[in-house]
Amino acid sequence: MPFSRSPSSAAAATEVSSTPAAAVEFRRVDKYFGSHQVIHKVDFSVASGEVVAICGPSGSGKSTLIRLINQLETLSGGEILIDGRPTSGLKGQALRRLRTHIGFVFQQFNLYAHLSALDNVSLALTKVHGWPNDKAHQKAALLLARVGLADKAGHYPAQLSGGQQQRVAIARALVTDPALILFDEPTSALDPEMIGEVLQVMQELAHSGITMIVVTHEMSFAREIADRVVFMDGGAILEQAAPERFFYRAAASAGAALPAKSAESAACPCGGCLMSWHVDWAGVLTGQPLTWIVSGFLTTLYVTLAGGVLATLITLLMLALRLTPGRLGRAVAAAYVSVFRNTPLLVQLLFWYFAAWGALPQTWRFYIGDRHPWAVLPMNIPWLTPEFLCAAWGLALFTAAFLIEEIQAGLNSVPKGQTEAAVSQGFSQRQILAYILLPQGLVNAWQPLIGQYLNLMKLSSLASGIGFAELTYQISQIESYNAHALEGFAVGTGLYLLLGIVMGSLMLWLGPKRRDQRLSLPSTAAAAHTQAKD
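Each value, and the rule that gives it
Residues numbered from 1 in each chain as written. Predicted model: local features only at pLDDT ≥ 70, side-chain atom pairs only at ≥ 80, totals over all residues. Heavy atoms only, no water. Helix = DSSP H or I, 4+ residues; strand = E, 2+ residues; numbered from the N terminus. Buried < 20%, exposed > 50% of the residue type's maximum accessible area, 1.4 Å probe, protein only. Contact = heavy atoms within 4.5 Å. Areas by Shrake-Rupley, 256 points an atom, 1.4 Å probe, with all protein chains shown as cover. Salt bridge = Lys/Arg side-chain N within 4 Å of Asp/Glu carboxyl O. Core = buried A, V, L, I, M, F, W, Y, C linked by side-chain atoms within 4.5 Å. Polar contact = N/O pair within 3.5 Å; in protein donor to acceptor, adjacent residues only side chain to side chain. pLDDT = per-residue confidence, 0-100. Pairing = 2+ DSSP bridges. Expected span 1.5 Å × (residues − 1). Axes fitted to C-alpha atoms, helices over the stretch in contact; angles between N-to-C directions. Parallel < 35°, antiparallel > 145°, perpendicular 65-115°, else oblique. Nonpolar A, V, L, I, M, F, W, Y, C, P; charged D, E, K, R; others polar. Phe/Tyr/Trp six-rings, centres within 6.5 Å; stacked < 30°, edge-to-face > 60°. Lys NZ or Arg CZ within 6 Å of the ring centre and 35° of its normal.

1. Some details on the overall build of the protein chain
- Looking only at helices and strands, the protein chain has 20 helices and twelve strands in total.
- Burial analysis of the protein chain (534 residues in total) assigns 46% to the buried set.
- Taking all contacts inside the protein chain whose residues are at least 6 apart in sequence as the whole, residues at least 24 apart take part in 72%.
- Split by element, the accessible area of the protein chain, about 25,800 Å² in all, is 60% carbon and sulfur.

Set out below in structure tokens:
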């Protein structure tokens, strides 16, 4: 069943209209990341309603080229025109209005993990365009049915396969009746058996009146569906032709343009063969990748601090219960340790994010989901978000279960004779704990406690499983963005190591100091007393 743009409701007609398919023109377009040029003087046009497939090896600039269209990346030079109108100068509301008419389907789906499939599709209609919920849900349900997911409307992204998630993403891109839709390698993150279901949806969408630009390695799609195939390498367009001409002539054209490539590479212009590779630090330490790394590092730091404070407070509460004379308090503390220490952290994070979060009153969730100026940390990192709160809370509960055991072990290491001596001197149990056991127990347990706090920092990477944009999540974004996986993870490893060293050193400096108990004066006095007795 071919796609067509569904009519908008009267209430929202002024916001989202059935815009005719858009024409796109690149004029001498350049893009730099720092000093590294990734797009070189590209001149290229796409006619209204045309379906264009862009192929080429990884790192050739394909994804960057289409991200320039809706300014997910900013131009370094040249101009991009949509329907004859320049777009590089658009800012603020004008840029947002342009983006409402451009759909974008990402390689990694980028679905909102805390929303159902239905809400993922309808969110832009209600929050950006002001549609009433019932109208927005009605249109979202229609689009989900068209991509074959009517029965998955209430499912969350984590409950869907990769192919199903990508089909939801396509429905989300279509919901505002775009005049242009961009696909950034929509099947590259899918298992082979799931690729077909996404390609089928794209095939039905092709030639429905929407202009489509598809970055892809799926040559069957390019051959059978595209009006034109474009081959890129080194940030430049080397060949473009109708599919039947391209697949007969592109190999020779690519081989002539790139004599340094091997014969195998020239025979396979679409990147299917092994390509030469070199380290490029500019790909992660400049431009958007650097912004992602800084944001991810600060987010990791902030969630570590928040989780550490919460874990400390929970530990104090559970220790108070464990050290009370009554059995009930000890039973509660023992149950807490057993549950949270023995349940995998990722399972706990998923529970808090998908189950517990969904059980909160809707007004609470809406309030937390809104952006509040007072809930933004330095460097524009928001903390009042479902992802941040669930990550900090889950890490704190998990870590506190281990902190309790480490402190208990430190208390148990204090010789029982000292407790008996304190009892004989009339100390109360509270005084024994405060003045005898805790001062020594914390010294004994301090190194293991530091290890647990450092472990909290490292385990924050698991929060990427709920879409939390900490350091590991942002590095994976870079890998899908420009294929600089080695450089990205090398930088990330270095930052984790640096943060761990600083945290460990600071905690050692602030922590209790072990005192030497083998002083000479008591030993001398004891010797003199022994001699007197003799």
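Now that the structure has been shown, we can carry on.
2. Notes on the pattern of salt bridges
- Per the stated rule, a full pass over the model turns up eleven salt bridges.
- The shortest N-O distance in the salt bridge between Glu 73 and Arg 67 comes to 3.8 Å. Each member of the pair, Glu 73 as well as Arg 67, is classed as buried.
- The salt bridge involving Asp 177 is made with Lys 139; its shortest N-O contact spans 2.9 Å. On the criterion of sequence distance, the pair formed by Asp 177 in the loop between helix 5 (162–174) and strand 7 (180–184) and Lys 139 in helix 4 (residues 133–146) is long-range, its members being 38 residues apart.

3. Concerning the nonpolar core
- Of all hydrophobic cores here, the largest spans 61 residues; its most connected members are Ile 293, Val 303, Ile 314, Tyr 336, Phe 468 and Leu 471.
- Counting only elements with at least two residues in this core, the list comes to helix 11 (287–322), helix 12 (327–342), helix 13 (345–359), helix 15 (386–412), helix 17 (429–459), helix 18 (471–482) and helix 19 (485–510).
- By residue number, the principal contributor to this core is helix 15, which donates 14 residues.
- What Ile 293 contacts, discounting residues up to four positions off in sequence, is Val 284, Leu 471, Ile 478, Val 491 and Leu 495.
- Core analysis: the second largest hydrophobic core is formed by 40 residues, Val 51, Val 168, Met 212 and Phe 221 among them.

4. Some words on the environment of Thr 211
- Among the structural elements, Thr 211 can be located in strand 8 (residues 211–215).
- The class for Thr 211 is buried, based on a relative accessible area of 0%.
- As a C-alpha pair, Thr 211 and Ala 21 span 190 residues in sequence and 5.5 Å in three-dimensional space.
- Residues within four places of Thr 211 in sequence aside, it is in contact with Ala 21, Ala 22, Val 46, Ala 47, Ser 48, Gly 49, Glu 50, Ala 179, Leu 180 and Ile 181.
- Separated by 2.8 Å, the side chain of Thr 211 and the backbone nitrogen of Gly 49 make a polar contact.

5. A closer look at the confidence of the model for the protein chain
- Within the protein chain, residue pLDDT values average 82, and 85% of them lie at 70 or more.
- Contacts from residues 250–277, a stretch scored under 50 in pLDDT, to residues over four places away or in other chains number 32 contacts.
- This model gives residues 516–534 a pLDDT under 50, and the stretch forms one contact once residues within four places in sequence are excluded.

6. What to know about the sheet that holds strand 1 (residues 24–33)
- Reading across the sheet, the four strands line up as 2-1-4-5 and stay open at both edges, with antiparallel pairing between neighbours. Two strands lie at the open edges of the sheet, namely strand 2 (36–46) and strand 5 (85–86), each paired on one side alone.
- Pairing geometry for strand 1 and strand 4 (residues 77–82), over five bridges, is antiparallel. Note that in strand 4 the partner of Asp 30 across the bridge is Gly 77.

7. Here's the deal with unusual backbone geometry
- Look at Asn 110: it is not a glycine, yet its phi comes out positive at around 55 degrees.
- Considering the arrangement of structural elements, one finds Asn 110 in the loop between strand 6 (102–105) and helix 3 (117–127).
- Since its relative accessible area comes to 25%, Asn 110 is described here as partly exposed.
- The residue Met 379 is not glycine, and still its phi comes out positive at about 70 degrees.
- Relative to the assigned elements, Met 379 resides in the loop between strand 11 (376–377) and strand 12 (381–382).
- For Met 379, a relative accessible area of 59% puts it in the exposed group.

8. As for helix 5
- With 13 residues, helix 5 extends 19 Å between its outermost C-alpha atoms, agreeing within 8% with the 18 Å of an ideal straight helix rising 1.5 Å per residue.
- Of all 13 residues in helix 5, 13 are buried; the element is thus mostly enclosed.

9. A few points about the sheet that holds strand 9 (residues 228–233)
- Across the sheet, which stays open at both edges, the six strands sit in the order 6-7-8-3-9-10 with mixed pairing between neighbours. Edge positions in the open sheet fall to strand 6 and strand 10 (236–241), since each of these has one partner strand only. When strand polarity is set aside, the average angle formed by the axes of neighbouring strands in this sheet is 15 degrees.
- Relative to strand 8, strand 7 runs parallel, the two being bridged by five bridges. In the sheet register, Phe 183 faces strand 8, and the bridge partner there is Val 214.
- Docked against the sheet, helix 5 engages strand 6 and strand 7, running at close to 170 degrees with respect to strand 6.

10. Thoughts on the packing of helix 11 against helix 12
- Here helix 11 crosses helix 12 at 135 degrees, and the two axes come no closer than 7 Å. Classified by the interaxial angle, the pair formed by helix 11 and helix 12 is oblique. Contact residues: Ile 314, Met 318, Leu 321 and Arg 322 in helix 11; Gly 329, Arg 330, Val 332, Ala 333, Tyr 336 and Val 337 in helix 12.
- Of the residues contributing to the contact of helix 11 with helix 12, the split by class is seven nonpolar, one polar and two charged.

11. A short note on the pairing of strand 9
- Burial runs high along strand 9: six of the six residues are buried.
- The alternating pattern of strand 9 places Arg 228, Val 230 and Met 232 on one face and Val 229, Phe 231 and Asp 233 on the opposite face, and all of these are buried.
- When strand 3 (residues 51–55) meets strand 9, the two strands line up parallel, connected through four bridges. Note on strand 9: the bridge partner recorded for Ala 53 is Val 229.
- Bridge count between strand 9 and strand 10: five bridges; the pairing is antiparallel. Residue pairing across strands places Val 230 opposite Gln 240, the latter belonging to strand 10.

12. Some details on the packing of aromatic side chains
- If you walk through the whole model with that rule in mind, you get ten aromatic pairs.
- An angle of 85 degrees between the planes, with centres 5.0 Å apart, marks the rings of Tyr 353 and Phe 354 as edge-to-face. Comparing Tyr 353 with Phe 354 shows no difference in burial state: the two are buried.
- Connected via pairs of aromatic rings, a cluster forms that spans Tyr 156, Tyr 353 and Phe 354.
- The side chain of Lys 127 reaches across the aromatic face of Phe 366, ending 4.9 Å from its centre.
- Positioned above the aromatic ring of Tyr 112, the side-chain terminus of Arg 172 is 4.9 Å from the ring centre.

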